Amino acid sequence: MLNQGDTLHGFTVTRVRESAELGGRIVEMTYDKTGTELVWLDNGAENKLFAIAFKTLPENSTGVFHILEHSVLCGSQKYHVREPFVELLKSSMNTFLNAMTFPDKTMYPVSSRNPRDFLNLTEVYLDAVFAPDILHNPNIFCQEGWHIEQDADGTLSYKGVVFNEMKGALSSADDLAAERIMEMLFPDTAYGFNSGGDPAVIPSLTYEQFKETYHRFYHPSNARIYLDGAVPVEETFTLLEEYLSRSERSDALPVLQMQEPVSSVDTLYYDLPADESPENRSNLTVGRIIGSWQDRTKLLAVSVMLDAFALSNETPLKRAVLSAGLAQEMEISVEECLAQPYIQIHLKNTADGRADEILPLLRKTAAELAANGLDKAALEASANRIEFRLMEPEEPQAVERCINIMNSWLYGGDPMMYLVYEEAFAEIRRMIADGRFDDLMREIFVDETGTAVLYSLPSHTRGEELRQEEAARLAAIRSAWTEADLAENTAMNERLTKWQQTPDSPEELAKLPQLPVSAVSDRPSWTETVLQEADGVKLLYHPAHCRGIVHIALSFALTDYSLEELSLLTHAGSLYGKLKTEHYSALELQRELKSKLGRLETSVELGARKKQTETCTPMLTMRCSVLRDKLPEAFRLMREVLLTTDFGEKEKIREIITQKNENYRQLSITAGHTLGVSCVMANYSAQYAVRAALGGYPVIRAVQDLVGNFDEKFDAFSALLKKMQASLGRKRMAYASVTAQEPADITPLLASLPEGESVPAERHYEADMPKKTGYQIPAQIGFAVQGWHTVQKNIPYDAGRRVASKIISLSYLWNQVRVQGGAYGTGLSVMPDSSIITFSYRDPSPARSLAVNGGISEFIRQFCESGEPIDKYIISTVSDEEPLRSPREEGILADAFWFAGKTREELVQERRQMLSVTRESLLADCAVWDAFAENGAVCVVASGNLLADCEGLTILE
């Protein structure tokens, strides 16, 4: 056990503290030679995390740190393969493996439950950041950052992974506004630049500047290392010393300048589809710096205050805006991951000509609230809810702690400041008691100092203007090029293509550390289910380590409703808990829920029996998380919400459904592949038909129709919701479940529900989607999806095909679609129901990506001939089957397994199928991949010009 003053492999322990909240010791150390700081949370956790972070302060919007984040993982001095990062995805048992760029730091975290795997990951990442191939291989910069390609007709175009990623990111009106508001708030500091990169600026970055930036910022003296869990101490610190000892201490460290608050007003234009009216489609974004990283308690208090008075439709500040008809939605967030946190107020679809009324109304309402004294019960309820969520963290917890620790440590503060919260909440409760929240309300909402105001206006031509501006820049470059320049660019592309298409040598691949396949257990993890029956209801109990929290689920079959009705009923999940009930107004209900419960969520979910494609069971499911001593309150409130919510509140429902409609708009732009999956799979099985009805194109179409004709259609919509609610009873229940440390008796809750009428356990559903569809979005990139179900050829499911999907994703699609095609992401998934899906993400050429699928079987043949080991893919596939899960998530998965009839023995059999994959079994499945490529349905979600490149699409309206 390390103590203050101890030394270990060049590190000196500077401080050790015990923390009951964190369940272990915080050990702070410094590597004496370079001054590198290290913090280790020694909590005994099986999952072990290593992360290294560098303070990276942008000096322009070229996205250099974003490109570096990608590029250092593309080969290193010791591991001279094209992409060690991808090789780790192929071969490791990682529970987290990624890299992240923030406005002022770049972070490289990896984690694993397996000690040897943890050390392997740590070593590869250390070699990547301290000895990368980028310093002598410009191909990496061209691939990950940007380069210019020349078409056969002489037309130039920009390509590059980060370039296309940022084109996609800045296609969203919300993301555009978020970036611009930072520029306005921080005009004189690093935060005023787009750390991800502006596509109009990225091509100004040269390779020499790129390398120079690496040398300045990726130095051990500018690094912070975070460890979490039961790391193998001797081996870990031996590795760290090996890399840190190569450098001397540097005093040339980046210094972040603090911004003096300034007020400003600006306007931007965002792309609006040609078929959408610009009426009432402007947005207003307001930002203010609200303190510094040192204000931990204040920032937590602001979050509590916002939760109580601004975030839901019924809270006073938001209600004032909505009731005045000034905007359809108001979202408020506090951005904490920087030295000067700021608040952002984002108002969507503001009333034309009235945007300037919003800030005065918010200030007036806030001033009145403060003058009258903020409701202490509301503040206490919100504090309870936020504290509960901190008690019940979701996975990956260690990564979340790694990010949070930087909120103080990066700026020279106490590393524990943002990891613990009990003392901060004690102070917040004192603030509630003595009325200090009144002054906080005035400071945040009434004070006008340093306010940035941004108007985002819709434009039917903005997308085309961006394309023309890029074309003009490229045309100017082409006209300025000499023949020698053109020849050099051609040669550069030839070198890049040759490098991308040259396989890594077996000798270099063999240098990468790898686990033996024997490290993988043939016994998959399993959460037990104890089945009982109470009041005619199947009652499930799942034992899990829940720290005094009980997780409850109630699921009611909705098999008496059609697909069209389900596309409307899915909105019940957004309405429950937000409307008045028998005993509470909507605001009173929300305060009561926050005060008594940790979580109450309702949604329409889907259950499907294994090997059953013709039928499935849509279900209304209510999930509650509550401290055990508050179970009686949970029972009362669950019944209150479930059975007495007033679905006749027309105007309140109009607001919520209109907000949902806007969310769907943004989803198609930022995650179009999810929409594509629902389209391509809808025709193949009942469960996919229902999934599409609940979250795909049918629900987008239904909500657009409902919003556009709300007065005409509300009565029928309300009647449908009321009919469903009136039918909820014990006989309709598919199951109820409890996930907890010890069994909890929920029979009083079940007894309080009406008996009701029974419905069929499952139902046949069938969709009718075109085989090839397109969906137009206002974006500079697109998404391509293809899907198929092996039941079409009577091919049974084999879990070994999941290993093949890993091989195809990382050794074929990654190279063809991401590396050579420039898409930000791609992959192939084989699901346990035998469905096969490929996708591309933020893709500059969706048509090309779809064509790549036709080469999958030939790739598999070449792979099998190459002699490349299969074991590493088996290891990583098995690892994917067992991600980190919170106790609540374990319970949800156990519910799904029970409903499907999935047994532990079947999981063992599937694990054995994965472990027994051979070249012969891979080759035997080539016919499957050919059938998928030939017969699979297609959906492309993209801009109009990219859709035009794809033949035979039926364009969805």
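See the structure shown above.
First, a word on what this report is: a plain description of the structure on this page. The structure displayed is predicted, hence computed values, not measured ones.

From N to C terminus, the protein chain includes 37 helices and 29 strands. Its C-alpha radius of gyration of 28 Å places the protein chain within 12% of the 30 Å reference for a compact globule of 957 residues. With respect to the three principal axes, the spread of C-alpha positions in the protein chain is 75 × 65 × 65 Å. Among the 957 residues that make up the protein chain, the fraction classed as buried is 60%. Of the contacts formed within the protein chain by residues at least 6 apart in sequence, a portion of 81% connects residues at least 24 apart. If you sum the accessible surface of the protein chain, you get close to 36100 Å²; carbon and sulfur atoms cover 50% of it.

The pairing of strands in a sheet comes from backbone hydrogen bonds and takes either a parallel or an antiparallel form. Spatially, the five strands line up as an open sheet ordered E12-E16-E13-E15-E14, and their pairing is mixed. Two strands bound the open sheet, and with one partner strand each, they are strand E12 (264-271) and strand E14 (327-335). Strand-to-strand twist of the sheet, defined as the mean angle between neighbouring strand axes without regard to direction, takes the value 15°. Judged from the eight bridges that link them, E12 and strand E16 (residues 452-459) form a sheet pairing that is parallel.

Time to look at the packing of aromatic side chains. Tallied over the entire structure, the rule returns 28 aromatic pairs. Between Trp-146 and Tyr-158, the ring centres sit 6.1 Å apart and the planes meet at 75°, which makes this aromatic pair edge-to-face. You can see Trp-146 sitting in the loop between helix H4 (138-144) and strand E9 (147-150) and its partner Tyr-158 sitting in strand E10 (residues 156-159), a full 12 residues away along the chain. Judged by relative accessible area, which is 6%, Tyr-158 ranks as buried. Between Tyr-824 and Tyr-841, the aromatic rings sit 6.0 Å apart at their centres with planes inclined by 40°, giving tilted as the arrangement. Here the residue Tyr-824 occupies a position in the loop between helix H29 (800-819) and strand E26 (825-830), and Tyr-841 occupies one in strand E27 (residues 835-843), the gap between them amounting to 17 residues.

So, on to the nonpolar core. In this structure, Leu-554, Tyr-576, Leu-620, Leu-642, Ile-808, Leu-922 and Trp-929 are the most contacted members of the largest nonpolar core, which totals 128 residues. Ranked by the residues each element gives to this core, the list is headed by helix H22 (residues 631-644), at eight residues. Apart from residues no more than four positions distant in its own chain, Leu-620 is found in contact with Leu-554, Ser-555, Phe-556, Leu-558, Ala-572, Tyr-576, Thr-602, Ser-603, Val-604, Leu-642, Met-724 and Leu-728. In terms of nonpolar packing, the next biggest core, distinct from the first, is built from 97 residues, Phe-186, Tyr-191, Tyr-214 and Ile-225 among them.

This part takes up the environment of Thr-658. Considering the arrangement of structural elements, one finds Thr-658 in helix H23 (residues 650-670). Among the residues examined, Thr-658 registers a relative accessible area of 12% and is labelled buried. Sequence spacing of Thr-658 and Ser-603 is 55 residues, and the spatial spacing of their C-alpha atoms is 18 Å. Filtering out sequence-adjacent residues up to four positions away, Thr-658 remains in contact with Gln-328 and Val-707.

Let us now look at the packing of helix H10 (residues 316-323) against helix H11 (residues 358-372). At a closest axis distance of 9 Å, the pairing of H10 and H11 adopts a crossing angle of 140°. In terms of orientation, H10 and H11 fall into the oblique class. Our pair here, H10 against H11, has a crossing hand that is right-handed. Between H10, through Pro-316, Leu-317, Ala-320 and Val-321, and H11, the contact on the second element is made entirely by Ile-358, Leu-361, Leu-362, Thr-365, Ala-366 and Leu-369.

Further remarks concern the layout of surface pockets. There is about 1300 Å³ of room inside the second largest pocket. Lining the second largest pocket are 42 residues, with Phe-85, Leu-89, Leu-810, Trp-814 and Thr-826 sitting closest to its centre. Per element, the largest residue contribution to the lining of the second largest pocket is seven residues, and it comes from H29. Across the lining of the second largest pocket, the residue classes break down as 19 nonpolar, 12 polar and 11 charged.

The next point concerns the sheet that holds E27. Ordered in space as E26-E27-E25-E28-E24-E29, the six strands form an open sheet in which the pairing is mixed. The sheet is open, and its two borders are formed by E26 and strand E29 (954-955), each paired with just one other strand.

Side chains that are three or four residues apart share a direction in an α-helix, a result of its 3.6 residues per turn. Taking 1.5 Å of rise per residue, 14 residues should cover 20 Å, and helix H9 (residues 296-309) covers 20 Å from first to last C-alpha, within 8% of that figure. Counted residue by residue, H9 has 11 buried out of 14 residues, so it is predominantly covered. Every buried residue of H9 is accounted for by Arg-296, Leu-299, Leu-300, Ala-301, Val-302, Val-304, Met-305, Leu-306, Asp-307, Ala-308 and Phe-309.

This part covers the packing of helix H1 (residues 64-71) against helix H7 (residues 207-217). The geometry of H1 relative to H7 is characterised by a closest axis approach of 10 Å and an angle of 80° between their N-to-C directions. Judged by the inter-axis angle, H1 sits roughly perpendicular to H7. Residues Val-64, Phe-65, Ile-67, Leu-68 and Ser-71 of H1 lie in contact with H7, whose contacting residues are Phe-210, Thr-213, Tyr-214 and Phe-217. Residues of the contact of H1 with H7, tallied by class, amount to seven nonpolar, two polar and no charged.

This brings us to unusual backbone geometry. Omega for the bond connecting Glu-395 with Pro-396 falls within 30 degrees of zero, at 5°, which places this linkage in the cis form. Relative to the helices and strands, Pro-396 is located in the loop between helix H12 (376-391) and helix H13 (397-409). Here the phi dihedral of Asn-349 falls at roughly 55°; this positive angle occurs in a residue that is not glycine. Its place among the elements puts Asn-349 in strand E15 (residues 342-350).

The final tally for this structure, using the stated rule, is 76 salt bridges. Glu-868 serves as the salt-bridge partner of Lys-872, at 2.9 Å between the closest nitrogen and oxygen. With respect to burial, Lys-872 and Glu-868 carry one shared label: buried. One connected set of salt bridges, linked through shared partners, spans Glu-314, Arg-319, Glu-649, Lys-652 and Glu-655.

Conventions adopted
- Residues numbered from 1 in each chain as written.
- Predicted model: local features only at pLDDT ≥ 70, side-chain atom pairs only at ≥ 80, totals over all residues.
- Heavy atoms only, no water.
- Helix = DSSP H or I, 4+ residues; strand = E, 2+ residues; numbered from the N terminus.
- Rg over C-alpha atoms; globule rule 2.2 N^0.38 Å.
- Buried < 20%, exposed > 50% of the residue type's maximum accessible area, 1.4 Å probe, protein only.
- Contact = heavy atoms within 4.5 Å.
- Areas by Shrake-Rupley, 256 points an atom, 1.4 Å probe, with all protein chains shown as cover.
- Pairing = 2+ DSSP bridges.
- Axes fitted to C-alpha atoms, helices over the stretch in contact; angles between N-to-C directions.
- Phe/Tyr/Trp six-rings, centres within 6.5 Å; stacked < 30°, edge-to-face > 60°.
- Core = buried A, V, L, I, M, F, W, Y, C linked by side-chain atoms within 4.5 Å.
- Parallel < 35°, antiparallel > 145°, perpendicular 65-115°, else oblique.
- Left-handed = near helix turned anticlockwise from the far one by under 90°.
- 1 Å grid on protein atoms, 1.4 Å probe; cavity = no way out; pocket = protein on both sides within 12 Å on 5 of 7 lines; lining within 4 Å.
- Points joined across faces, edges and corners; volume = space filled by probe spheres on them.
- Nonpolar A, V, L, I, M, F, W, Y, C, P; charged D, E, K, R; others polar.
- Expected span 1.5 Å × (residues − 1).
- Salt bridge = Lys/Arg side-chain N within 4 Å of Asp/Glu carboxyl O.

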